[in-house]
Amino acid sequence: MCGEQVIESMILLSDTSAPDFDESRFGRFLVERARELAGADGAVLLFAGDGGRLRMVADAGVDLTRARLWLSDSTVVPLRRRTETVGLLCLVRTDGQGEDAHALRAASALADAAAIGLLHRQRIREKASRSASLQAELDRTVVIAQATGVLAQRYKTDPATGRDSLLALARSWRQPVEIAAAEVVASAFRPRPEGPE
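About the criteria used
- Residues numbered from 1 in each chain as written.
- Predicted model: local features only at pLDDT ≥ 70, side-chain atom pairs only at ≥ 80, totals over all residues.
- Heavy atoms only, no water.
- Salt bridge = Lys/Arg side-chain N within 4 Å of Asp/Glu carboxyl O.
- Helix = DSSP H or I, 4+ residues; strand = E, 2+ residues; numbered from the N terminus.
- Buried < 20%, exposed > 50% of the residue type's maximum accessible area, 1.4 Å probe, protein only.
- Expected span 1.5 Å × (residues − 1).
- Polar contact = N/O pair within 3.5 Å; in protein donor to acceptor, adjacent residues only side chain to side chain.
- Contact = heavy atoms within 4.5 Å.
- Core = buried A, V, L, I, M, F, W, Y, C linked by side-chain atoms within 4.5 Å.
- Arc of directions from axis to C-beta.

Caption draft 1: Representation of the pattern of salt bridges within the structure. Tallying each qualifying case throughout the model produces 4 salt bridges. Glu23 serves as the salt-bridge partner of Arg55, at 2.8 Å between the closest nitrogen and oxygen. Linking Arg55 in strand 2 (residues 54–60) with Glu23 in helix 2 (residues 23–38), this pair joins segments that are 32 residues apart in sequence. Under the relative-accessibility criterion, Arg55 is labelled partly exposed at 38%. The exposure class of Glu23 is partly exposed, given its relative accessible area of 31%. In this structure, Glu84 and Arg123 form a salt bridge, with 2.4 Å as the shortest nitrogen-oxygen distance. Here Arg123 lies in helix 4 (residues 101–154) and Glu84 lies in strand 4 (residues 84–92), a separation of 39 residues in the sequence. For Arg123, a relative accessible area of 35% translates into the label partly exposed. A cluster of three or more residues bridged by salt bridges with shared partners is formed by Glu137, Arg140 and Glu178.

Caption draft 2: Spotlight on helix 5 (residues 159–173). The end-to-end C-alpha distance of helix 5 is 21 Å, a good match for the 21 Å that 15 residues give at a rise of 1.5 Å each. Where helix 5 begins, one side-chain oxygen reaches toward the backbone nitrogen of Ala160, 3.1 Å away; that side chain belongs to Asp158.

Caption draft 3: Here's a closer look at the environment of Ser17. With respect to the secondary-structure elements, Ser17 resides in the loop between helix 1 (3–14) and helix 2. Between the C-alpha atoms of Ser17 and Gly117, which are 100 residues apart in sequence, the distance is 7.9 Å. Leaving out residues up to four positions away in the same chain, Ser17 has contacts with His120, Arg121 and Ile124. Among the polar contacts listed, one links the side chain of Ser17 to the side chain of Asp15, at a separation of 3.4 Å.

Caption draft 4: Highlighting the nonpolar core. By size, the foremost hydrophobic cluster in this structure holds 29 residues, and its most contacted members are Leu79, Leu89 and Leu91. Of all the secondary-structure elements, those providing two or more residues to this core are helix 1, helix 2, strand 1 (42–48), strand 2, strand 3 (74–81), strand 4 and helix 4. With 9 residues, the top contributor of residues to this core is helix 4. Counting 12 residues, the second-largest nonpolar core is a separate cluster that includes Ala147, Val150, Ala170 and Ala180.

Caption draft 5: Just helix 6 (residues 177–189), in detail. The end-to-end C-alpha distance of helix 6 is 19 Å, a good match for the 18 Å that 13 residues give at a rise of 1.5 Å each. Of all the positions in helix 6, only Val177, Ala180, Ala181, Val184 and Val185 are classed as buried. Relative to the axis of helix 6, the buried residues are bounded by an arc of 135° and lie together on one face. On the buried face of helix 6, the contacting elements are helix 4 and helix 5.

Structure follows, in structure tokens:
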């Protein structure tokens, strides 16, 4: 693999922000390129999961029924960025020859680019999750404040009494406060039935 292909592969591996990102396709691409680059007979990609357990994501040219053999004959390249390791790339040679140092450095560069891409994707997911959580809390706070205002106005009381009324309604309806609050706010916009003239 020429230097241009290595650079192109690194760019592809570091770009994981696409909405249609596919972990298994990403893994297959990495093991195929790393295997080719290192001149290895096979390659296996493992990602760190919950509790530090490793799970296999992709493999190329490895007989998995002989897993103990390839583990003992493999060169392990961590997918790491600074102090964070997200997985391992195992390069397997069955000819008994050692790894070429230059090819191994290039495979390590691919692993580093993959780690950067995966960590970036993880940060995006964490940020989106935090943002969704904050938005949900903001929505809850807003609807409770609106319902408090509706009840305070309806019964001609102060906001503290309106909030107490809302809490009492939620208890009597056996609903979470935000659900009761949404119902109170919705009721403020429903047309009132007209009484007999």
